[in-house]
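Geometric and topological summary
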Amino acid sequence: MHAYRTHTCAQLSKADVGEAVRLSGWVHRKRDHGGVLFVDLRDHYGITQIVADEDSPALPVLDALRLESVVTIDGEVKARDAAAVNANLPTGEIEVFARAVTVQSKADDLPLIVNSAEDYPEETRLKYRFVDLRRERVHANIMLRNKVITSLRRRMTDQGFSEFQTPILGASSPEGARDYLVPSRLHPGRFYALPQAPQMFKQLLMVAGFDRYFQIAPCFRDEDLRADRSPEFYQLDFEMSFVTQDDVFDAIEPVLAGVFEEFSGGKSVTPAGEFPRIPYAETMLKYGTDKPDLRNPLVISDVTEHFTSSGFGLFEKIVGGGGRVRVIPAPATHEKSRKFFDDMNDWARKEGFAGLGYVTRKGGEFGGPIAKNHGEEGMLKLYAELGLGENDGLFFAAGKEKDAAKLAGAARTRVGEELGLIEENCFKFCWIVDFPMFEYDEELKKVDFSHNPFSMPQGEMEALENTDPLEIKAWQYDIVCNGYELSSGAIRNHKPEIMYKAFEIAGYTREDVDANFSGMIEAFKLGAPPHGGSAPGIDRIVMLLADEPNIREVIAFPLNQRAQDLMMGAPSVVSARQLRDVHIRLSGEALEVQKDASEAETTRVDQAGE
RNA sequence: GCGGGUGUAGCUCAGUUGGUUAGAGUAUCGGCCUGUCACGCCGAGGGUCGCGGGUUCGAGUCCCGUCACUCGCGCCA
């Protein structure tokens, strides 16, 4: 007989009655009836009820064990009486009568309880993540993640993509997020950077002629966190040669739609080939964001023209100063109290906006200060244009275009949620396309890249030379699902002359480009295919599929909101010797921290890895 | 860096207008119980009310500061 088990805790059924079996697992739950003891034995696969009575030598041993101890049970499979069958358990028709027990590992008092769905503080959960991960929900999330990744791999290879690895220790590059830095021992004063994404390497693989690349790629960005942002995360990174934007869309839509259909648990998914394509300018107008949640039916409109002259002086003044007025409909709000509208305004102020105006309408009657001052005639005209009914309210976001769009976007979400308009049980995908190539940086008072500088401008060199830079679009696109940006990608700029020109517009010289992107620019001078790709975020995909509001719920060992590993103690102080090795001397606060750390903390116990 | 929320027993939470010895459930420990499956019953231990200061005859409760966690803004593809 095997040392630990003949079956898993999910395997036994009526067909095995009478068999002598050996099971191993964790003591999930105990029910002690004095002369008879029930133990739910749990492993990765399931739960089997173990029973011991006074005839069994296992009884006192199991009785004394705390929950989550690990045991091996030798016993006999018995059928349960009809009345004792547990229909909630796949193994509920049988139980194993314990003849003997071996304690593999005793558990102390637990910081959190595995057999309960109770919510524990994240701090506790992360510190004892190995216990937390035994709990049903997180365990299932991590297994879902595994299945999603397996499925993505299969779908990509089936489409002729090949999987590659790229370096983790790379060079810091100037654009984008802050890099995680790794000091070099062999090269004093020099640093590696962990990849924010394998961007250049995947492009170089295209230049190397591999045609279709993908990778489940670890990415690192040293920026502040959000619920959907971790400093280390994974992307389904891919790149293709000799492709147009449409080819990239055609390649990835079936992969994403397919994996969502496979794991959505019956929720509807935008079919492959039908992802709406929304230009950036349109999404900023209609949804007030570049990651619109299309489950929300509300659409923002620009009504600036209605307020060039208006009895409502505030809007007239804003419009006169070049500002915009945007509106969000609040359908069927005739029975909402004044408090509902005032609360929205309070919310907007709390969010740091100037305020959210509103008009109420009850049975055709307009209400609120804006309606009063703007006049009934003007309101009727406005409502007619917007196609609004006699019981529909309206929220107003006014200000500089950027601010008005942002407030309108936030208000659209808020109104949709408050009115219960968000469609449930669906995943709504869309592409955001035609991102601007450049934008005006108000702080630096200059034109700068609005996204990745390596995207091909639409119209290529001709556009760069003859168009207002702020009008130029890029072959740059995002995939958005339910308001989450899942992916960002582009058709790349593989022509050195166009790249020099694009950088020139953003105020960089040929020498700047050569110095910062030498590898890439050299490669493009030695025969580069047109190419493009994208990189869907795997953690966010799993988060959506698992219906979790937080990315850490789908990462086995996540860093907390302050980028610390509470279990392993990262980031940690290191010994003076380690610092010397990498030519680093601490000062100021950093030196104080190092000094205050206990000797044990800075003692390095060498251990061999695998 | 900024704003919001939270912080009371190992854990989840209650705690009134500032008023006697800060409670419940769960976990732990002890006892009872032969068919449970969130078993049940009896009992016990367990508290720097995050920390520091202030107001007050009196602070878990009010005020100021600070720390931790978290959500958002800034930042970030």
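For every chain, the first residue of the written sequence is number 1, and numbering continues from 1 along that sequence. Both sets of labels track the order of writing: A upward for chains, 1 upward for ligands. Where totals are concerned, whole chains, interfaces and linings use all residues; where local detail is concerned, this predicted model gives features only for residues with pLDDT of at least 70, and gives and counts side-chain atom pairs only at 80 or more. Only hydrogens and water are set aside when side-chain values are computed; all heavy atoms of the structure are taken into account.

On to the protein's contact with RNA strand B. Proximity is defined per residue: any heavy atom of the residue falling within 4 Å of a molecule or strand makes that residue near it. Around RNA strand B, the surrounding shell holds 45 residues, and the nearest of these are Arg29, Asp32, Ala84, Ala177 and His451. A 3.5 Å cut-off defines polar contacts: any pair of N or O atoms within that distance qualifies, except that in protein one atom must be a possible hydrogen donor and the other a possible acceptor, and neighbouring residues in sequence count only when both atoms are side-chain atoms. Measuring from a base nitrogen of RNA strand B, one finds a side-chain N or O atom of Glu95 at 2.5 Å. Within the side chain of Lys406, an N or O atom sits 2.8 Å from a phosphate oxygen of RNA strand B. The helix count covers DSSP runs of H or I at least four residues long, the strand count covers runs of E at least two residues long, and both are numbered beginning at the N terminus. For the surface near RNA strand B, the secondary structure elements donating two or more residues are strand 1 (20–32), strand 2 (36–42), helix 2 (122–127) and strand 23 (484–491). Counting residues per element, the surface near RNA strand B draws most heavily on strand 1, at 4 residues.

This part is about the environment of Asp109. Within the secondary structure layout, Asp109 lies in the loop between strand 5 (94–105) and helix 2. Along the primary structure Asp109 and Val61 are separated by 48 residues, whereas in three dimensions their C-alpha atoms are 17 Å apart.

In sheet architecture, strand pairing relies on hydrogen bonds along the backbone and comes in two forms, parallel and antiparallel. Pairing within the open sheet is antiparallel, and its 5 strands lie in the order 13-14-17-15-16. The sheet is open, and its two borders are formed by strand 13 (301–302) and strand 16 (365–367), each paired with just one other strand. Strand pairing requires that DSSP identify at least two bridges connecting the strands. Across 3 bridges, strand 15 (residues 357–362) lies against strand 16 in antiparallel orientation. For Thr360, the partnering residue across the bridge sits in strand 16 and is Gly367. On the sheet, helix 9 (residues 338–350) packs against strand 15 and strand 17 (393–399) and is oriented at approximately 165 degrees with respect to strand 15. Its contacts with the sheet put helix 11 (residues 376–386) on strand 13, strand 14 (324–330), strand 15, strand 16 and strand 17, and the angle it makes with strand 17 is roughly 95 degrees. Only heavy atoms matter for contacts: two residues are in contact if any of them lie within 4.5 Å across the pair. Lines fitted to C-alpha atoms define the axes here, with helix axes fitted over just the stretch in contact, and angles between the N-to-C directions of these axes take values from 0 to 180 degrees.

Turning our attention to the environment of Asn88. Here Asn88 shows up in the loop between strand 4 (70–79) and strand 5. Note: C-alpha distance between Asn88 and Phe238 (150 residues apart in sequence) is 43 Å.

What follows covers the confidence of the model for chain A. With 98% of its residues at a pLDDT of 70 or more, chain A shows a mean pLDDT of 93. No element of chain A has a lower mean pLDDT than helix 20 (residues 599–602), which averages 70, and none a higher one than strand 6 (residues 162–163), which averages 98. Here the complex is predicted with pTM 0.94, and the ipTM for its interfaces comes to 0.90. pLDDT expresses how confident the predictor is about each individual residue, on a scale running from 0 to 100.

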